[in-house]
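These are the residues of each chain, in order.
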Amino acid sequence: SGAGPWDAAFADVQEAVDDADMDLRPTLASRSLVTLLDVLGQRFAVLAEPRLQARFANEIVLALLDTFCNEVLVADMTWTSTIGVRGPTAAQLERFCGFLNAVQYVQQTIYEWGDSVLYLEIHLWCSRERGIGDVDALQSNFFSEAVQAYQQIYEKLVGNMIGVIVRSLVRPVAAYVRRVS
């Protein structure tokens, strides 16, 4: 038997899903940041003293993560300010999805790195320096606060996008209601 209408419809849906998967790739900026952090981690992993490793990780790695967060927030404010009354264009939405992908990619990567031997040792060393016992320290990891910050930014970005879309729908819906009333 030949291909029926359902087969054609499924093929269209599958093609759309495959195309959508391509849009979920991390951005160049987020891949570059993760690569830089990975290279830096390899560099300071060979330092002999845990104190130096911890200092490097705290002063360089966490600072870079914080800077990236701030840059995404600035980009989001810029994006939000460019949206017209009619709502975001497809290109604007695609750019915004890039922000979401970047944040999520970095968040997922550092979440996974938090369980690596290097960052576990650094976290335990830092915790001991603050008088926190190993058992309590293992309730979190070196990147716990950064992961939480990235989650909050992700949620803020999603909220901003929903707000932009809702605001773009209010005027046409209000005009429609006036016409039909």
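Not measured: the values here are computed from a predicted model.

**Q** Which parts of the structure should I look at to understand the overall build of the chain?
**A** On a plain count of helices and strands, the chain comes out with seven helices and zero strands. Listing every helix and strand of the chain by position from the N terminus yields α-α-α-α-α-α-α. Within the chain, the proportion of its 181 residues that are buried is 30%. A sequence separation of at least 24 residues applies to 78% of the contacts in the chain between residues at least 6 apart. When the accessible area of the chain is evaluated, it comes to approximately 11800 Å², of which 59% is carbon and sulfur surface.

**Q** Whenever I open this one, the pattern of salt bridges confuses me. Can you help?
**A** Where charged atoms of side chains with opposite charge meet at close range, the side chains can pair. Per the stated rule, a full pass over the model turns up two salt bridges. The salt bridge partner of Glu49 is Arg51, with a shortest N-O separation of 3.1 Å. Given a relative accessible area of 37%, Glu49 falls into the partly exposed group. The class of Arg51 is partly exposed, set by a relative accessible area of 42%.

**Q** Any chance you could explain the side chain of Gln92 here in plain terms?
**A** Here Gln92 shows up in helix H4 (residues 90–113). By relative accessible area, Gln92 is classed as buried at 17%. When residues no more than four places from it in sequence are discounted, the contact partners of Gln92 are Trp79, Thr82, Ile83 and Gly87.

Calculation rules
- Residues numbered from 1 in each chain as written.
- Predicted model: local features only at pLDDT ≥ 70, side-chain atom pairs only at ≥ 80, totals over all residues.
- Heavy atoms only, no water.
- Helix = DSSP H or I, 4+ residues; strand = E, 2+ residues; numbered from the N terminus.
- Buried < 20%, exposed > 50% of the residue type's maximum accessible area, 1.4 Å probe, protein only.
- Contact = heavy atoms within 4.5 Å.
- Areas by Shrake-Rupley, 256 points an atom, 1.4 Å probe, with all protein chains shown as cover.
- Salt bridge = Lys/Arg side-chain N within 4 Å of Asp/Glu carboxyl O.

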